[in-house]
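Chain by chain, the residues:
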Amino acid sequence: QRHSYIGVPINFGYQLWASRRFGLYLSAGGMIEKMLDANPWQLSLNVAIGAEYKLSDRFGLYAEPGGGYYFSNNSSIPTIYQEHPFNFNLNIGLRFNLK
């Protein structure tokens, strides 16, 4: 079974601590998604804590473990969100800063 979604995320960040090269931050928010091949909408909340090491003024390496919760949409269409509403993830990468 395969479903396609389109969604709009909204996240807020808070800098916990920062030095010249290193920073810790929190991120939290939510998302609303629409299943393209059916009617139900899907709501979720997420939270993450991150660390960034600045390689230069423009580039930094970051790691961000986090998790999310997908609320029941009371749909008769089975989805992975109904079977496993909690989601844990780890984002690692290179960040480019525009300022």
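Fair warning: this is a prediction, and the values are worked out from it, not measured in the lab.

**Considering the overall build of the chain**
Broken down by element type, the chain carries one helix and five strands. Ordered by position in the sequence, the α and β elements of the chain form the string β-β-β-β-α-β. Taking 2.2 N^0.38 as the reference for a compact globule, 99 residues should give roughly 13 Å; the C-alpha atoms of the chain span a radius of gyration of 17 Å, well beyond that estimate. A buried classification covers 26% of the 99 residues belonging to the chain. Distance between charge centres in the chain, computed from 8 positive and 6 negative side chains, equals 13 Å.

**So, the side chain of Ser44**
Structurally, Ser44 can be placed in strand β3 (residues 41-54). The residues touching Ser44, leaving out its near neighbours within four places in the chain, are Gly29, Gly30, Met31, Tyr69, Tyr70 and Phe71.

**Concerning the confidence of the model for the chain**
Chain-level statistics for the chain give a pLDDT mean of 95 and a share of 100% at 70 or above. Between the elements of the chain, mean pLDDT differs from a low of 90, seen in helix α1 (residues 80-83), to a high of 98, seen in strand β4 (residues 59-70).

**Considering the pairing of β4**
Regular strands place their side chains on alternate faces of the sheet. Where β3 lies against β4, nine bridges are found, and the strand directions are antiparallel. In the strand pairing of β4, Asn46 is matched with Gly68. Between the end of β3 and the start of β4, which pair antiparallel, lie four residues. Direction of pairing for β4 relative to strand β5 (residues 86-96): antiparallel, over a ladder of eleven bridges. Among the inter-strand pairings, Tyr62 is bridged to a residue of β5, identified as Gly93.

**Thoughts on the environment of Ile92**
Note that Ile92 resides in strand β5. Sequence separation between Ile92 and Ala51 is 41 residues, and the spatial gap between their C-alpha atoms is 9.8 Å.

**Overview of the sheet that holds strand β2 (residues 22-35)**
Ordered by their spatial adjacency, five strands build an open sheet running β1-β2-β3-β4-β5, and the pairing between neighbours is antiparallel. Two strands lie at the open edges of the sheet, namely β1 (5-18) and β5, each paired on one side alone. Sheet twist, expressed as the average angle between the axes of neighbouring strands with direction ignored, equals 20 degrees.

Definitions and cut-offs
- Residues numbered from 1 in each chain as written.
- Predicted model: local features only at pLDDT ≥ 70, side-chain atom pairs only at ≥ 80, totals over all residues.
- Heavy atoms only, no water.
- Helix = DSSP H or I, 4+ residues; strand = E, 2+ residues; numbered from the N terminus.
- Rg over C-alpha atoms; globule rule 2.2 N^0.38 Å.
- Buried < 20%, exposed > 50% of the residue type's maximum accessible area, 1.4 Å probe, protein only.
- Lys, Arg positive; Asp, Glu negative; His and termini not counted.
- Charge placed at Lys NZ, Arg CZ, Asp CG, Glu CD.
- Contact = heavy atoms within 4.5 Å.
- pLDDT = per-residue confidence, 0-100.
- Pairing = 2+ DSSP bridges.
- Axes fitted to C-alpha atoms, helices over the stretch in contact; angles between N-to-C directions.

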